[in-house]
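Structural overview
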Amino acid sequence: MIKKKNLYHPSSTFKKNAWVKSKDVYKDAEKDPVKFWEQLAKDIHWKKKWRKAFEHKPPYFKWFLGGKLNFSENCLDKNIERLRNKVALIWEPEPADERPRYFTYYELYREVNKFANGLKKIGVKKGDRVGIYLPMVPEAVIAMLACTRIGAIHSVVFSAYSPQALQVRLQDTKEKVLITADGYYRAGNIINLKGNADEAVKDTKVKKMIVVKRAGNEVKMKKGRDIWWEDAMKVKDNFCKPEEMDSEDPLFILYTSGSTGKPKGIVHACGGYTVQAKYTGKWIFDIKDNDVFWSMSDIGWITGHTYSVYSPLLNGGTFVLFEGAPNWPSPDRWCQIIEKYGVTIFYTAPTAIRMFQKYGDDFIKKHDLSTLRILGSVGEPIDKGSWEWYFEKVGKKRCPIVDTWWQTETGGILLSSLPGVGPAKPAFAGRPFPGIKFDILNSEGKSCKAEEKGDLVILPPFSPGMLRGVYKNPQRYKKTYWSDFGEKTYFTSDIAYKDKNSLIRIVGRSDDMIKVAGHRVSTGEIEDTVSKSSSVLECAVIGIPDEIKGEVPAVFVVLKKKENQIEKVVIEAIKKGIGPIALPKKIYTVKDLPKTRSGKIMRRILRKIFTGEELGDLSTLANPESVKELKKILK
Ligand code: WT7
């Protein structure tokens, strides 16, 4: 990388070998984005070609209409023709003394085919939803791909979510089948996942549970309902014909937090998602046959779908799936993994980068990280200091950093400078992916000037991989994404600005969502959960800065009755309702919360008191005296 002023440009050797090396690709795509995506779409395997590339009926849009394909066929069958014996998946278990597992493309193909037939045997059909509540084990990848093979719609739920959080999702999608495991390792402990699943399926439609044996912990198998994975795999036929899917058929649903308490099921479609997942990976991570791609994200998140698993497969790459935490049992576990497998592309979140940084550079010096050639960041804004540390200490000033902006809703990266074109600028995500039209709008709905902050929006034709709806909730789809600037403008809920070179920097969310360690957590969802406790009258949650995690929740409660153990009550409620990711850093008991005359809690005021900012006009408050008490407590 060559540094000029504050911009980083790819070296000529990097450029020479990169899939994309010239700015021309942007110009071509801009002229006709639909035609541009059609060019890319030609490179995936269609059983039948589309008749129309794009259709817009605001607020809905479709891509590659009439096209037929199968996702698993694109990930497996098509690669086997060329890469039959190449390792597709390397699984690194958490216990460092346990043996890794390797799957060649052919082996993965075999397992997926068998499991797909296993699913069929218990009655799963095209269009059925299947719940997946699994840790980071190869069976998770096999299960996901097997669903796509038979046209079942998978809904993966993060394995650290609580039984209640799983239950809400199962109830929304009405799954009849749930795939889970006995348990898994996390920081040396065994987590009893099956116990959680048993609790969650009460009051749901789940009729069958397939259980992977992973940790060997004792579980109760319910007769007639529960089946061990290996038994589900006992099928007569090793081959399962890939179902012919329409381009616009749903491929999967993934829940994400929204402003209200209930999570939303984001729906992605077969054709567009495949094209976008393949090409964003190919161009942004420059995936080649010899690469070893390690994305640290759990499969329970969208990054875990698109880049920990699917994009490497669509590109015939090799990827690492790691069961544990990157700093367990020692702070340099992540370096050991890079060294052991010769990882070439490493993708993680600023939270992890800040954590690595805190341990000091000595850990890194002990390891050979020379195989790395591209570094990625995702999930939250990366500060300049962490960017530079990542660049210098991990990438040794050789590796381009791609700061990739996207969302569960966009299905794949839509904003990131391309590594072979550049330039990269610390703390800036950079340029929109070719063919994507972004704008930044001020309060009047006009385009912002350089350096002026505003709302980040996406304009038609959007992107092939973006969401097609919120599962069974068209009102919520319209209201969340298409009401602020009209039905033809997708609102991201992010604030951003452009510098004078048109590079985009993401400032943060403009809604009630906070990013805890890169994961989206809804303050409304935490409030709902805490408010259910019998001793809590009302509650408000805000995000406060945290050195490692970026942001963490702080909870303010007003009590209904005396409660000496309010901290414990709040923590238990959050663990039960959501899971450990939403646990607060601070819990305050207050007499009153600042409210408008119509009774709305002013989180904005709480945030300002916390950070010591100027409060401005308080005349709209119904209870200005609440501010005095808060100021005293937070001093
Ligand atoms: C929100 C989406 C899809 C990635 C994992 C998170 C924030 C994401 C960046 C980035 C600054 C980022 C945005 C976005 N975000 N990537 N590179 N720089 N902010 O997915 O949970 O759906 O959250 O994450 O605020 O809206 P998600």
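As the structure is a prediction and not an experimental result, all values here were calculated from the model. (Residues numbered from 1 in each chain as written. Predicted model: local features only at pLDDT ≥ 70, side-chain atom pairs only at ≥ 80, totals over all residues. Heavy atoms only, no water.)

1. Digging into the side chain of Asn74
In plain terms, the rule: Every helix listed is a DSSP run of H or I at least four residues long, and every strand listed is a run of E at least two residues long, numbered separately from the N terminus. Any pair of nitrogen or oxygen atoms within 3.5 Å is treated as a polar contact; in protein, a donor-acceptor pairing is required on top of that, and neighbouring residues in sequence qualify only through side-chain atoms on both sides.
Counting through the fold element by element, Asn74 comes out in helix H4 (residues 71-83). Looking at Asn74, its side chain comes within polar contact range of the main-chain oxygen of Asn70, at 3.1 Å.

2. Description of the pattern of salt bridges
As a reminder of what qualifies: Counted as salt bridges are all cases of a side-chain nitrogen of Lys or Arg within 4 Å of a carboxyl oxygen of Asp or Glu.
Enumeration according to the criterion identifies 39 salt bridges in this entry. Arg373 is paired through a salt bridge with Asp286; the nearest N and O atoms lie 3.2 Å apart. Here Asp286 lies in the loop between helix H10 (270-284) and strand E18 (292-295) and Arg373 lies in the loop between helix H14 (362-365) and strand E21 (374-378), a separation of 87 residues in the sequence. Among the ionic contacts, a cluster of salt bridges with common partners joins Lys194, Asp198, Arg225 and Asp226.

3. Topic: unusual backbone geometry
Cis rather than trans, the peptide bond between Trp328 and Pro329 has omega equal to 0 degrees. If you trace the backbone, Pro329 turns up in the loop between strand E19 (318-322) and helix H12 (333-341). Of note, the bond from Gly422 into Pro423 is cis; its omega dihedral lies within 30 degrees of zero at -10 degrees. Note on placement: Pro423 falls in the loop between strand E22 (401-404) and strand E23 (437-441).

4. A word on a positive patch on the surface
Heads up, the condition is: Within the patch definition used here, like charges are joined within 9 Å and nonpolar side chains (Val, Leu, Ile, Met, Phe, Trp, Tyr) within 5 Å, considering only residues with over 30% relative accessible area and no salt bridge. Here the Shrake-Rupley method, with its probe set to 1.4 Å, supplies the accessible areas, and only the displayed protein chains count as covering residues. Within this scheme the basic residues Lys and Arg register as positive and the acidic residues Asp and Glu register as negative, but His and the chain ends are omitted. For this purpose, a charge sits on NZ of Lys, CZ of Arg, CG of Asp or CD of Glu.
Taken together, the side chains of Lys125, Lys174, Lys176, Lys205, Lys207 and Lys472 make up a positively charged region of the molecular surface. Assignment of secondary structure puts Lys207 in the loop between helix H8 (193-200) and strand E13 (208-212).

5. Points about the sheet that holds E21
Stated formally: Paired strands, as defined in this entry, are two strands with at least two bridges between them according to DSSP. In this analysis an axis means a line fitted to C-alpha atoms, helices contributing only their contacting stretch, and an angle means the value between N-to-C directions, from 0 to 180 degrees. Contacts are assigned to residue pairs with any non-hydrogen atoms lying within 4.5 Å of each other.
Judged by pairing direction, the sheet is mixed, and its seven strands sit side by side in the order E7-E6-E19-E18-E20-E21-E22 without closing on themselves. Only two strands of the sheet have a single neighbouring strand rather than two, namely strand E7 (101-104) and E22. The average undirected angle you get between the axes of adjacent strands in this sheet is 20 degrees. Direction of pairing for strand E6 (residues 87-92) relative to E19: parallel, over a ladder of four bridges. When the bridges of E19 are listed, Glu92 appears paired with Phe322. Along the sheet, helix H11 (residues 302-314) makes contact with E6, E18, E19, strand E20 (345-348) and E21, crossing E18 at roughly 170 degrees.

6. Some details on the sheet that holds strand E24 (residues 454-459)
The four strands are arranged E23-E24-E26-E27 in an open sheet whose pairing can be described as antiparallel. Edge positions in the sheet fall to E23 and strand E27 (504-509), since each has one partner strand and no second. Neighbour-to-neighbour, the strand axes of this sheet turn through a mean angle of 45 degrees, independent of strand direction. Both strand E26 (residues 490-498) and E27 contribute to a ladder of five bridges, which runs antiparallel. For Ile495, the partnering residue across the bridge sits in E27 and is Gly508.

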